[in-house]
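The lines below spell out each chain.
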Amino acid sequence: MSTQPTQGAGSGLNPQLIAQLNGLAATLSPAQLAWAGGYLTGLSAQTGGQALPAGAPAGGSDNVLTILYGSQTGHCRAVAEEMRDAAQDAGVPVELFSMGKFKEKNLKKLKYVAVIISTQGEGDPPDDARALVEYLHSTKAPKLKDFKFCVLGLGDSSYEFFGKTAIDFDARLEELGGERILDRVDLDVDFDDGAEAWIPKAVETMKATIPAGAAPAAVPTFGAFGAPAASTVHYSRKKPLKTRLLTCQKITGRNSEKDIRHIEIDLEESGLNYLPGDSLGVWFKNDEELVTDLLTLLQLDPTATVHVHDEPKPIKEALTETFELTLLHPAFVTDYAELINNDELRKIAAETEPLRDYVDTRQIIDVVREFPGTVEPEAFVGLLRKLTPRLYSIASSQAEVEEEVHLTLGVVEYEAHGHYHLGGASGFLGHRLKEGEDVLIYVESNDNFRLPEDATKPVIMIGPGTGIAPFRAFVQERAAQEAAGDNWLFFGNPHFTEDFLYQTEWQDFLADGVLNKIDLAFSRDQQEKVYVQHRIAEQANELWNWIQRGAHLYVCGDESRMARDVHQALLDVVIEKGGYSSEEAEDYLVQLRKDGRYQKDVY
């Protein structure tokens, strides 16, 4: 049976859209094709054959709760989806929108709004929220008459500007005339418990505020490529898939400064699907040796009871499975100083910058080693954050690897303060978990890091180190699609002989014509260090030509240094080759980002 859409007269489909449908259809099983066909038929009947207006309330009623989320990693989207489900269960008419898909001018049409938004790095909004944030703080922002709202912020208190985006959003909505019907709540990285408490409170508050009236027609929630999210199998942060590790292979050389692993995880018969650009969430256990050392230093009985969600557990089990031990945050230092009544540690905690420097290279056990004390088990675990899964960029396309998912993982390990340190999740996946053993995973979709829907568009990928991961998935996908668009990769690492990740694969892609260009920067193979931003500068003329041909730019890797240096290199290209001023060049890249042609997956 053919799966190709026909091109008959009256279909209303142009060749580009037909090509996109063909590409999607080729990835679906017969059962999925049947489901998609039935879904589209039903949607056509529901809308009278007319498309729903993008970014506009679909129900046609003022008495509807609109949930707007801005999410970089997918956490805010997950919370927003939980709130939507809770609202539906409570009989509250509700609509859900990513800020990246929401038309800013429609904000003034809304009356009941819940905002769920994260803060990135040093107080920045997530990429999908930038346009709306800029609009809100511009002179174009509307007066919000009869506008009632509540705000939930997600962030990381380890950063100085914790929750800034949510704080600013909350204040600006009030400034524009909105009425806050629930105080803003800011949640840290271990946000699950806080979100579970906030959602029912926010839903009940909205239910009491929204006048009773006819609920709008149910509207499907759309995922990538406009396809409805499958409801038959849904794994999540709270309900992960239990599967097994297939492969853990070191892919750096014997003399490399880095221990980078290629990880393969089984998805057979799980029904779990993902797209290039998505991340894999991995739950992990702390190192039992680390837990034992910590208990010994604190002189705590491993069988002593503590409570987790009101359930009693031996402290050794709780520290292994429930609490964060490797990522130290400033609040622990402050609180531990009070718990053990130590003035020297109080002095360290009193100054913001020295405290951040102190935290930067230490784990919790380092603080306890330096400042031992006598503590009660319950009091000590009360200082700890809950363990949270780690997200890793997926390094494979299902069109290539089928019922597997691959990762490119750098094991975090270093010597500091007289002791060897190992990362929590990276040590678990890269060192402690054996092939064939169980691991809990889920997919975190990332619609802000996607290949162009038009497969004829060129793609420029910039990913040094483990930032190469999503681009392996991208190129595998482009090969499977037989995409006509050109592909160009920039990759860097310390040494060619030790650190050229997936070297033979890239050589094969070049030989097959899937990869058209590759520029390499091995920083320590010559006296003067060379990084990917230097290769960008060298290729300025050709890179500008690709951008003028409609190329999509992608950057993956370290946010604090690499991504900023690459951004500056791209600005220099626009200035030099486009003839723009510095301000105009920045505006040019902002517009590329708004158009979905400049996307980042940075950490």
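Residues numbered from 1 in each chain as written. Predicted model: local features only at pLDDT ≥ 70, side-chain atom pairs only at ≥ 80, totals over all residues. Heavy atoms only, no water.

### So, the packing of helix α20 (residues 540-548) against helix α21 (residues 559-578)
One can describe the packing of α20 onto α21 by two numbers: an axis separation of 10 Å at closest approach and a directional angle of 85°. Relative to α21, the element α20 lies roughly perpendicular. Between α20, through A540, N541, L543 and W544, and α21, the contact on the second element is made entirely by L570, V573, V574, E576, K577 and G578. The residue makeup of the contact of α20 with α21, split by class, is six nonpolar, two polar and two charged. (Axes fitted to C-alpha atoms, helices over the stretch in contact; angles between N-to-C directions. Helix = DSSP H or I, 4+ residues; strand = E, 2+ residues; numbered from the N terminus. Parallel < 35°, antiparallel > 145°, perpendicular 65-115°, else oblique. Contact = heavy atoms within 4.5 Å. Nonpolar A, V, L, I, M, F, W, Y, C, P; charged D, E, K, R; others polar.)

### Describing the side chain of S71
With respect to the helices, strands and loops of the structure, S71 is situated in the loop between β1 (65-70) and α3 (75-89). Engagement of the side chain of S71 in a polar contact is seen with the backbone nitrogen of G74, the distance being 2.9 Å. Here H75 takes part through its backbone nitrogen, which lies 3.4 Å from a polar atom of the side chain of S71. (Polar contact = N/O pair within 3.5 Å; in protein donor to acceptor, adjacent residues only side chain to side chain.)

### A few points about the sheet that holds strand β18 (residues 487-493)
Strand order across the open sheet formed by five strands is β19-β18-β17-β20-β21, with parallel pairing between neighbours. A single partner strand is all that each edge strand has here, and the edge strands are β19 (517-522) and β21 (598-602). Strand-to-strand twist across the sheet, computed as the mean angle between neighbouring axes with direction ignored, equals 10°. Pairing analysis gives four bridges linking strand β17 (residues 459-462) to β18, with the strands arranged parallel. Paired with I462 across the strands is F490, a residue of β18. (Pairing = 2+ DSSP bridges.)

### Some remarks on the pattern of salt bridges
Note that side chains of opposite charge can pair when their charged atoms are close. Per the counting criterion, the structure on display carries 33 salt bridges. Note that D192 and R237 form a salt bridge whose closest N and O atoms lie 3.0 Å from each other. Here R237 lies in the loop between α6 (192-209) and β7 (241-250) and D192 lies in helix α6, a separation of 45 residues in the sequence. Residue D192 shares its accessibility class with R237, and that shared class is buried. In this structure, E370 engages R362 in a salt bridge whose closest nitrogen and oxygen atoms are separated by 3.7 Å. Looking at R362, the relative accessible area reads 15%, which means it is buried. Salt bridges here are not isolated pairs; linked through shared partners, they connect D170, E174, R180, R184 and D186. (Salt bridge = Lys/Arg side-chain N within 4 Å of Asp/Glu carboxyl O. Buried < 20%, exposed > 50% of the residue type's maximum accessible area, 1.4 Å probe, protein only.)

### As for the sheet that holds strand β9 (residues 279-283)
The strand order across the open sheet formed by six strands is β12-β9-β16-β7-β8-β13, and the pairing between neighbours is antiparallel. Since the sheet does not close on itself, it has two edges, and those belong to β12 (390-393) and β13 (404-410), each with one partner. Sheet twist, expressed as the mean angle between neighbouring strand axes with direction ignored, is 40°. One ladder, built from four bridges, connects β9 with β12; its direction is antiparallel. In the strand pairing of β12, V282 is matched with R390. The strands touched by helix α15 (residues 424-432) are β7, β8 (260-266), β9, β12, β13 and β16 (438-444); relative to β13, the strand with the most contacts, the crossing angle is about 115°.

### A short note on the nonpolar core
Counting residues in each nonpolar core, the largest one holds 36 residues, and the members touching the most others are L319, F332, Y336, L345 and F380. Of all the secondary structure elements, the ones that give two or more residues to this core are α7 (288-297), β10 (305-308), α8 (315-321), α9 (330-340), α10 (343-350), α11 (352-360), α12 (364-370) and α13 (377-381). It is α9 that contributes the most residues to this core, five residues altogether. (Core = buried A, V, L, I, M, F, W, Y, C linked by side-chain atoms within 4.5 Å.)

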